[in-house]
Each structure stands twice: as C-alpha cells, then as structure tokens.
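Working through the structure, step by step
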Amino acid sequence: MSEPLHVLDLFSGIGGFSLGLERTGGFRTVAFCEIDPFCRRVLAKHWPEVPCYDDIRTLTADRLRADGIAVDVICGGFPCQDISNGGHRVGIGGERSGLWSEIARLSGELRPDFIILENVAALLGRGLGRVLGDLAALWYDAEWHCLSASDLGAPHERDRIWIVAYPETLRRDEGQWGAEGWGRLLWAGIHDSPSAWSSAANNHEVRSGLVRIVHGLPDHVDRLGVLGNAVVPQIPEMIGRAILASRAPCIAEAAP
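Model, not experiment: these values are computed from the prediction.

Examining the overall build of the chain
Regarding its fold elements, the chain presents 10 helices and seven strands. Put simply, the chain has 256 residues, and 50% of those count as buried. A separation threshold of at least 6 residues defines the contact pool for the chain, and within that pool the share at least 24 residues apart is 65%. Put simply, the chain shows about 11500 Å² of open surface, and 52% of that area lies on carbon and sulfur atoms.

Printed below as a string of structure tokens:
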C-alpha cells in the first residue's frame, strides 16, 4: 500500500475534515491550524501527536519545513461569516472570510497535490470567482459541487459548496485521462458510485434528539457553540475516496 497523503488541516474546528479523510485509510493529518482554544483542546484529545498551530496568518511553509512537516494536501473550511446569508453578506473581501487569502498564500508556498475547500453555498455568488481566480493564478484547476448533509441521509440540510483543486498539468494531460477525463474520474466516486453514497450515509446517526449531530463528532458540542466549527465528516470521506480512486490509474502506470 502507498504512503498516505499528508494533510495540513486549516481552520480545523473540531476536526471533521481530518476525521473524514482519515477514515479512507489513504490520508494522514500531519498538522492542524486552529485559533479557537476550545477547539484546539478537542483536537489535542483526538490527535495528541499532531501539532496544532494557532494562527494561519503567521504559519508559513518555512515554519512547517523547519518542524519536519511535509504536505501533500491542504484542506480547510475558511470562515463564512462575511459570505453566509445569515452573516454580514459583504463577500469574500470581508475581514473574516477574507482569510481565504491565507489559504491561497500557503498553497502557493507548499504546492500541494490537492486543495480541498468547504464553505456555505452562498459562496457561489459572494466569492467563488475570487477563489477560482486565485487558484488559477497558482496554476491549479478545480472542480466544485454543492452537497448537503441530507444528500448522504442526514436529517438536516447543511448545504455547502465543496471545491477540489489540483495542479493544472493534470487537466492538460492527454494520456489516460484526456483533457476532461481527470476531473470526471475525480468525482466518479460521488456521482456514479451508489456504494460510496451508501457507505457514507451509514455513518450518520441521530443522537439525543439533536438532528445536527452525526456519528464521529463529539456529543454536546452544540451546547458549547462549536458545532459550526466542523464539517460533516462523511462528505470529505467520500471526496477522499474519490481522490484515491482517481489517483489509482496514475500510481499503477508509474509502478515498475
């Protein structure tokens, strides 16, 4: 089995992104970055060996390299307060949601194989063009879809946009995938594999009458005000499985 992809989890919250990706067996979180003290304690409890940086604005590729951390994947659900319909609605240029620029900066410094992003669906009209433009300036192409927790069988909607970016050279590859085939292969595990939907949906569980809790997230976090600081882990799990499936032909082709 190949080495798991090393994940830098930004705006980590209580770890929903990493939980989902690590469930695939093909990803391993090597660093978190989270500013909220309580969330940092949750992360330390469940990933005691993984370092957690406290401010994305001061985190650099040089700092990570000095700490011996190599990164293959960057993931993050950057702040939505300026984008959400329930927030300030000033768009991605706002003080909080504008922290997207720090993900773009780190992506340019680290050049990961994949960048996986999450935000509210309102990003479609309040900043998606900026995100895609910044990624294109870094020579990354991207696929994006809106997926809800209810799409996987959860009893609540939680509609979110999910973006997967990868080096633009993969899109240009005219070999096995062709000009459009790589992105198609990437999302095959989401749109064309009922077993993937079923497997992820089976990980949902309603607990204590609170329909927003799902299996794998700590109970009572709703009462502490941090449930919003987590993605539904079943979706990054499914995206992770699609990424691993899309890489399989390339790995097999490169094998001696």
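Now that the structure has been shown, the text picks up again.
Observations concerning unusual backbone geometry
The phi angle at Arg 111 is positive, at roughly 50°, despite the residue not being glycine. Take Arg 111: it is sitting in the loop between helix H4 (100-110) and strand E5 (114-120).

Remarks on the sheet that holds E5
In space, the seven strands of this open sheet follow the order E3-E2-E1-E4-E5-E7-E6, with mixed pairing throughout. Looking along the sheet, the strands with just one partner apiece sit at the ends: strand E3 (52-53) and strand E6 (140-147). Of the strands in this sheet, strand E1 (5-10), strand E2 (27-33), strand E4 (73-76), E5 and strand E7 (160-167) are in contact with helix H1 (residues 16-23), which crosses E2 at around 165°.

Concerning the pairing of E1
For E1, a buried count of six out of six residues is recorded, marking the element as mostly surrounded by other parts of the structure. Every second residue of E1 is oriented toward a common face, with Leu 5, Val 7 and Asp 9 on one face and His 6, Leu 8 and Leu 10 on the other, all of them buried. Across six bridges, the pairing between E1 and E2 is parallel. Bridging from a neighbouring strand, Leu 5 pairs with Phe 27 of E2. Following the backbone out of E1, through H1 and into the adjacent parallel E2, one traces a crossover that is right-handed. Pairing geometry for E1 and E4, over four bridges, is parallel. Residue pairing across strands places Val 7 opposite Val 73, the latter belonging to E4.

Here's the deal with the pattern of salt bridges
For the structure on display, the rule yields 10 salt bridges. The salt bridge involving Arg 65 is made with Asp 62; its shortest N-O contact spans 3.5 Å. Of this pair, Arg 65 and Asp 62 both sit in helix H3 (residues 61-66), three residues apart, which is roughly one turn of that helix. Residue Arg 65 is classed as partly exposed on the basis of its relative accessible area, which comes to 48%. On the basis of relative accessibility, which here comes to 58%, the residue Asp 62 falls in the exposed class.

Quick notes on the UniProt feature "active site" (unreviewed entry) in the chain
Listed under "active site" (unreviewed entry) in the UniProt record, and renumbered for this structure, are Cys 80. Along the polypeptide, Cys 80 turns up in the loop between E4 and H4. Residue contacts for Cys 80: discarding those within four places in its chain leaves Ser 97, Asn 119 and Val 120.

Considerations on the environment of Arg 130
In this fold, Arg 130 is placed in helix H5 (residues 128-137). Residues Arg 130 and Trp 100, spaced 30 residues apart in sequence, show a C-alpha to C-alpha distance of 9.5 Å. With residues up to four places along the chain from it excluded, the contact list for Arg 130 reads Ile 92, Trp 100 and Ser 101.

Here we look at the packing of aromatic side chains
This structure, assessed with the given rule, holds three aromatic pairs. Here Phe 17 and Trp 162 contribute two aromatic rings whose centre-to-centre distance is 5.8 Å and whose plane-to-plane angle is 70°, an arrangement assigned as edge-to-face. Here Trp 162 lies in strand E7 and Phe 17 lies in helix H1, a separation of 145 residues in the sequence. Owing to a relative accessible area of 1%, Trp 162 belongs among the buried residues under this scheme.

Rules of the game
- Residues numbered from 1 in each chain as written.
- Predicted model: local features only at pLDDT ≥ 70, side-chain atom pairs only at ≥ 80, totals over all residues.
- Heavy atoms only, no water.
- Helix = DSSP H or I, 4+ residues; strand = E, 2+ residues; numbered from the N terminus.
- Buried < 20%, exposed > 50% of the residue type's maximum accessible area, 1.4 Å probe, protein only.
- Contact = heavy atoms within 4.5 Å.
- Areas by Shrake-Rupley, 256 points an atom, 1.4 Å probe, with all protein chains shown as cover.
- Pairing = 2+ DSSP bridges.
- Axes fitted to C-alpha atoms, helices over the stretch in contact; angles between N-to-C directions.
- Right-handed = clockwise from strand over helix to strand, strands pointing away.
- Salt bridge = Lys/Arg side-chain N within 4 Å of Asp/Glu carboxyl O.
- UniProt positions renumbered as here; feature names shortened; annotations may be inferred.
- Phe/Tyr/Trp six-rings, centres within 6.5 Å; stacked < 30°, edge-to-face > 60°.

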